[in-house]
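Commentary on secondary and tertiary structure
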Amino acid sequence: MKKINVTIWNEFRHEKTEDAVKALYPDGIHAFIKGFLDANEDMNVRTACLDDPDQGLPDALLEDTDVLLWWGHMAHREVSDALVEKIRKRVFTGKMGFIPLHSAHKSKPFAAILGTNGNLSWGRDQKEIIWNMLPAHEIAAGIPDHFLLELEELYSEPFFIPQPDELIFGGWFEDGHIMRSGATFYRGAGKVFYFQPGHESCRAYYHPCVQRIITNAIRWARPNDFGFAIEDACPHVTWKTTDEFDA
């Protein structure tokens, strides 16, 4: 069985500068997620950070990645446009799945792949119930009809994203706000799953249901074996000038 090559990218800034975050994730959110993913025999998990050489994703690593998980918050603008285009192209050509987590809704790759500014409403940390709205979906396998996060940052509608292809999870917060918390998008030949829980100072990634959802999502987002090459542009278009059309 061919293993899924998973790369977890994290800007890794909060964990270095905020004591409360460092206490929860002393080695970084990326390392914590790798810790529970390493239990899966069908996955080969690597980590990458913004301050690493080549912003953590040199060509050799990116081209060897089947599924890219992305966590960013305070340093979105520092990610190079050239790297973003490489990520977008790999997703659109079906060579890589993309899983943006929590504040990655404002990341450059999220915007480039989905064509959105990613804006949403937000507020104080509070209880959140995650509702399983599409239990037949592969990403929802093993997840109950709902589960409780004792503390999570409020993200709520309106969430300015394209209409999801599948809405799998919905969030309800104790202040009464709602959120499309887990949604899939098909872009080109690639697959994207956005998952909202995961504020850096909360314990969402410790929850077994959150861990199961991320694990399921990786298996869902892995590239298909198309048996043929997918192009990022139409190879059959021949551009003509206005004069040629008028001739």
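Residues numbered from 1 in each chain as written. Predicted model: local features only at pLDDT ≥ 70, side-chain atom pairs only at ≥ 80, totals over all residues. Heavy atoms only, no water.

**Details of the pairing of strand β1 (residues 4-10)**
Most of β1 sits inside the fold, with 7 of its 7 residues counted as buried. The side-chain alternation of β1 yields two buried faces, one formed by Ile 4, Val 6, Ile 8 and Asn 10 and the other by Asn 5, Thr 7 and Trp 9. Note: β1 against strand β2 (residues 43-49), 7 bridges, orientation parallel. In the strand pairing of β2, Trp 9 is matched with Ala 48. Examined bridge by bridge, β1 and strand β3 (residues 67-71) share 5 bridges and lie parallel to one another. Paired with Ile 8 across the bridge in β3 is Leu 69. (Buried < 20%, exposed > 50% of the residue type's maximum accessible area, 1.4 Å probe, protein only. Helix = DSSP H or I, 4+ residues; strand = E, 2+ residues; numbered from the N terminus. Pairing = 2+ DSSP bridges.)

**Overview of unusual backbone geometry**
Omega for the peptide link from Glu 157 to Pro 158 comes to 5°, which places this bond in the cis form. Inspection of the secondary structure puts Pro 158 in the loop between β6 (146-156) and β7 (166-173). Although it is not a glycine, His 102 sits at a positive phi angle of roughly 50°. By relative accessible area, which is 0% here, His 102 ends up buried.

**Considering the sheet that holds β2**
As summarised here, the arrangement of the 9 strands in space is β2-β1-β3-β4-β9-β8-β7-β5-β6, forming an open sheet in which the pairing is mixed. Only two strands of the sheet have a single partner each, and these edge strands are β2 and β6. On average, adjacent strands in this sheet sit at an angle of 25° to one another, irrespective of strand direction. Examined bridge by bridge, strand β5 (residues 121-132) and β7 share 5 bridges and lie antiparallel to one another. The residue of β7 that forms the bridge with Ile 130 is Gly 171. Along the sheet, helix α5 (residues 81-92) contacts β3, β4 (97-101), β8 (178-187) and β9 (190-195); its crossing angle with β9, the most-contacted strand, is approximately 115°. (Axes fitted to C-alpha atoms, helices over the stretch in contact; angles between N-to-C directions. Contact = heavy atoms within 4.5 Å.)

**A look at the state of the cysteines**
Between two cysteines, a covalent bond joining their sulfur atoms is known as a disulfide. All told, the structure shown has 0 disulfides when counted by the stated rule. Here Cys 202 is not cross-linked by a disulfide; its sulfur's nearest cysteine counterpart is in Cys 209, at 17 Å. Given a relative accessible area of 1%, Cys 202 falls into the buried group. (Disulfide = S-S within 2.5 Å.)

**Observations regarding the nonpolar core**
Counting residues in each nonpolar core, the largest one holds 36 residues, and the members touching the most others are Leu 37, Leu 69, Phe 169, Phe 193, Ile 214 and Ile 218. Residue contributions to this core peak at 8 residues, all from helix α7 (residues 208-221). Counting 31 residues, the second-largest nonpolar core is a separate cluster that includes Val 79, Ile 113, Phe 159 and Met 179. (Core = buried A, V, L, I, M, F, W, Y, C linked by side-chain atoms within 4.5 Å.)

**As for the packing of aromatic side chains**
On inspection of all chains with the given rule, the structure shows 13 aromatic pairs. Between Tyr 186 and Trp 220, the aromatic rings sit 5.8 Å apart at their centres with planes inclined by 70°, giving edge-to-face as the arrangement. A residue pair is termed long-range when its members are at least 10 positions apart, and Tyr 186 in strand β8 and Trp 220 in helix α7 qualify at 34 residues. Given the relative accessible area of 37%, Tyr 186 is considered partly exposed. For Trp 220, a relative accessible area of 6% translates into the label buried. Linked through ring pairs, Tyr 25, Phe 32, Phe 36, Tyr 205 and Tyr 206 together constitute an aromatic cluster. For the cation-ring pair, Arg 88 lies above Phe 92, with the distance from its terminal atom to the ring centre recorded as 4.8 Å. (Phe/Tyr/Trp six-rings, centres within 6.5 Å; stacked < 30°, edge-to-face > 60°. Lys NZ or Arg CZ within 6 Å of the ring centre and 35° of its normal.)

**Things to note about the confidence of the model for the protein**
Considering every residue of the protein, the mean pLDDT works out to 94; 94% of them sit at 70 or more. Note that residues 239-247 has pLDDT below 50 and, in this model, 2 contacts with residues that lie over four places away or in other chains. (pLDDT = per-residue confidence, 0-100.)

**A short note on the packing of helix α3 (residues 29-37) against α7**
For the pair α3 and α7, interaxial distance at closest approach is 10 Å and the crossing angle is 80°. When the axis of α3 is compared with that of α7, the two are roughly perpendicular. Residue-level contacts link Phe 32, Phe 36 and Leu 37 of α3 to Gln 211, Ile 214, Thr 215 and Ile 218 of α7. When its residues are assigned to classes, the contact of α3 with α7 shows 5 nonpolar, 2 polar and no charged. (Parallel < 35°, antiparallel > 145°, perpendicular 65-115°, else oblique. Nonpolar A, V, L, I, M, F, W, Y, C, P; charged D, E, K, R; others polar.)

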